[in-house]
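A closer look at the structure
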Amino acid sequence: MASIDQYLRLFADCRTLIDGGSNAAMNARRDEAAHLLADKGLPTLRTERYRYCDVEQALRPDYGVNLNRHIPAADPYRTYRCGVPTLSTTALRYVVNDSPAPAAPAAPALPKGLTICSLTEAADRCPALMERYYHRAAAEGADSLAALNTMLAQDGLLVHAAAGVHVTDPVQIVQVMAATRPLMANRRLLVVAEAGATLPLLLCDHATSPCDTLATHVTEVYAETGAHVSLYRVEETNARHVRLANVYAHVGADATLCCHDVTLTCGLSRTTTDIVLAAPGAHVTADGAVVADGQQKADHNLLIDHRAPECTSDLYYKYVLDDHATGAYAGRVLVRPGAQHTQSDQTNANMCAATTAHAWSQPMLEIYADDVRCNHGSSTGKLDDAALFYMQQRGIPEAEARLLLRHAFINDVLQRIALEPLRERLSHLVEKRFRGHMDACGSCAMCSGKH
């Protein structure tokens, strides 16, 4: 039996329960998603965008699903401490498994024009906004994993910045898998920055469960005219966690979207990112840093869709892979007819620290306009023997020299992070990771030196 069958059967058998624990805006899209899943099925290794990620195998186990919306009893603000020293935040919210927690009782009031609430609350408070944005970008992708999430997700978070609102310090969202038995969580995040708004977000993914867990994520980001959205995502999960994430973004005229992904520890991590540059002057920066060892697998697949002239994109991803780890990168920049004066740069570089590690790299350009400047490059190799010899000749022990070279390789990406406290903290954690002093997430290494 195909893995998707158990989820379609679950949906058919529990539709009333699923709808009852959700809201009208989310319920209205379930049939569309179920039909897409039934028609297309799950992607296979023959599916172009999933050549290096076995989704069928990942979804085969019989995970539990929290359809009754049981809320964990523990206070997440006390139990799952996550933060960055010296980094101020505008707001902090937790999602435990797939249940958004309300703001802490002592949380400061949000700035005027900034809304953070569950999607169920949003369906009551701002139904027009939900109608306009929820699942609009995700539906364009027609991706089976996004459809699975849409079919089963019962709640999520909305972060909305009204026109002209400038949020200086990031909104931090901490997502924790904390289950005592195998569990599937379906998470949803809707981010809307209206015209001229500035909105930085820090998303931290953790998995503390000693059992097999699976999380599907669908994040939709809308940066309207002149808006600036920064999305910082840090993954610190464990070897028994499967993370299947889909990110969809629409970037408007003269708007900017910056996406920064850092994977410190993981099990199987797959991120599909589709970004549409929808109007002249739109700009996107996307970069990623991955440190993986053991049997860990990290896979990024990006589509940057230049639909309008005078748009720019900049992609920069680096992986350091050791032991039997696998890293995969595929980035497709599509320049449509009429998207003249497009500028795009794409770089993927991989370091295999062991002969048993595997890296797959596939940067692509698909151009249908004649006045553009587009570049792409890829490299995969081992540690630079010449540089290693040079450092040893100057008295640096071999082990320390190897660490410094790996750190410098990854730190090149981290330097693109605008938030200085986050940049410095991640650089420190990458060093600890290479020294073997940081294990897979037991609670959180972001805010302490326990690991």
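Notes on the structure in this doc start here. Since the model is a prediction, treat every value here as computed from it, not as a measurement.

**Here we look at the nonpolar core**
In terms of nonpolar packing, the biggest core is built from 53 residues, with Val159, Ile173, Leu199, Leu201, Leu257, Ile275 and Leu277 touching the most fellow members. Setting aside anything within four residues of it in sequence, one finds Leu201 in contact with Val159, Pro170, Val171, Ile173, Val191, Val229, Ser230, Leu231 and Tyr232. Counting residues in each nonpolar core, the second largest holds 38 residues, with Cys82, Tyr316, Leu383 and Leu388 among its members.

**A few points about the side chain of Asp299**
Within the fold, Asp299 resides in strand E15 (residues 297-306). On the basis of relative accessibility, which here comes to 5%, the residue Asp299 falls in the buried class. At 3.1 Å, the side chain of Asp299 forms a polar contact with the side chain of Arg270. Once residues lying within four places of it in the same chain are set aside, the contact partners of Asp299 are Tyr52, Cys53, Ser269, Arg270, Thr271 and Ala328.

**Observations regarding the packing of aromatic side chains**
Under the defined criterion, the tally for this structure stands at 4 aromatic pairs. Centroid distance Tyr77 to Tyr94: 4.9 Å. Interplanar angle 75°. Geometry classified as edge-to-face. Taken as a pair, Tyr77 in helix H6 (residues 76-79) and Tyr94 in strand E2 (residues 91-96) lie far apart in primary sequence, 17 residues in all. Here Tyr94 falls in the buried class, since its relative accessible area comes to 1%. Over the aromatic face of Tyr50 sits the side chain of Arg270, whose NZ or CZ is 4.0 Å from the ring centroid. One residue, Lys318, lies across the ring of Phe409, its end atom 4.3 Å from the ring centre.

**Observations concerning helix H1 (residues 3-13)**
Looking at H1, one finds that the buried residues are Ser3, Ile4, Gln6, Tyr7 and Phe11. Angular distribution of buried residues about the axis of H1 spans 160°; they occupy a single face of the element. With respect to the buried face of H1, the exposed residues turned more than 90 degrees away are Ala12 and Asp13.

**Observations regarding the pairing of strand E18 (residues 343-352)**
In terms of burial, E18 is a largely internal element, 7 of the 10 residues being buried. Pairing between strand E16 (residues 312-321) and E18: 10 bridges, direction parallel. Residue pairing across strands places Tyr319 opposite Asn350, the latter belonging to E18. Judged from the 9 bridges that link them, E18 and strand E20 (residues 373-381) form a sheet pairing that is parallel. Its bridge partner being in E20, Ala349 is matched across the sheet by Ser379.

**As for the environment of Val221**
Considering the arrangement of structural elements, one finds Val221 in strand E9 (residues 213-223). Residue classification places Val221 among the buried residues on the basis of a relative accessible area of 2%. A sequence separation of 32 residues divides Val221 from Leu189, and the C-alpha atoms of the two residues are 8.4 Å apart. Those residues in contact with Val221, other than ones at most four positions away along the chain, are Val191, Val229, Leu231, Tyr248, Ala249, His250 and Leu257.

**Describing helix H13 (residues 420-435)**
An ideal rise of 1.5 Å per residue puts 22 Å on 16 residues; H13 measures up with 23 Å between its terminal C-alpha atoms. Next to the buried residues of H13 lie strand E8 (198-207), strand E10 (228-236), strand E12 (256-265), strand E14 (283-292), E16 and helix H12 (398-414). Looking at the residues trailing H13, positive phi occurs at Gly436, about 75°.

**A word on unusual backbone geometry**
Backbone geometry places Thr86, a non-glycine residue, at a positive phi of 70°. Among the structural elements, Thr86 can be located in the loop between H6 and E2. With relative accessibility at 71%, the residue Thr86 sits in the exposed group. Positive phi values are uncommon outside glycine, yet His135 reaches one of about 70°. Locating His135 in the fold gives a position in the loop between helix H8 (127-133) and helix H9 (136-141).

**Quick look at the sheet that holds E18**
Ordered by their spatial adjacency, 10 strands build an open sheet running E3-E2-E6-E8-E10-E12-E14-E16-E18-E20, and the pairing between neighbours is mixed. Unpaired on one side and paired on the other, strand E3 (99-100) and E20 mark the two borders of the sheet. Across 10 bridges, the pairing between E14 and E16 is parallel. Following the sheet pairing, His283 is matched in E16 by Thr312. Each of E8, E10, E12, E14 and E16 is contacted by H13, which is oriented at about 25° to E12, the strand it contacts most.

**Examining the packing of H1 against helix H10 (residues 144-152)**
Between H1 and H10, the shortest axis-to-axis distance is 10 Å and the interhelical angle comes to 25°. When the axes of H1 and H10 are compared, the pair comes out roughly parallel. In the packing of H1 onto H10, the handedness of the crossing is left-handed. Note on element contacts: H10 touches H1 through Leu148, Met151 and Leu152, opposite Ile4, Tyr7, Leu8, Leu10 and Phe11. Within the contact of H1 with H10, the residues separate by chemical class into 8 nonpolar, no polar and no charged.

Definitions and cut-offs
Residues numbered from 1 in each chain as written. Predicted model: local features only at pLDDT ≥ 70, side-chain atom pairs only at ≥ 80, totals over all residues. Heavy atoms only, no water. Core = buried A, V, L, I, M, F, W, Y, C linked by side-chain atoms within 4.5 Å. Buried < 20%, exposed > 50% of the residue type's maximum accessible area, 1.4 Å probe, protein only. Contact = heavy atoms within 4.5 Å. Helix = DSSP H or I, 4+ residues; strand = E, 2+ residues; numbered from the N terminus. Polar contact = N/O pair within 3.5 Å; in protein donor to acceptor, adjacent residues only side chain to side chain. Phe/Tyr/Trp six-rings, centres within 6.5 Å; stacked < 30°, edge-to-face > 60°. Lys NZ or Arg CZ within 6 Å of the ring centre and 35° of its normal. Arc of directions from axis to C-beta. Pairing = 2+ DSSP bridges. Expected span 1.5 Å × (residues − 1). Axes fitted to C-alpha atoms, helices over the stretch in contact; angles between N-to-C directions. Parallel < 35°, antiparallel > 145°, perpendicular 65-115°, else oblique. Left-handed = near helix turned anticlockwise from the far one by under 90°. Nonpolar A, V, L, I, M, F, W, Y, C, P; charged D, E, K, R; others polar.

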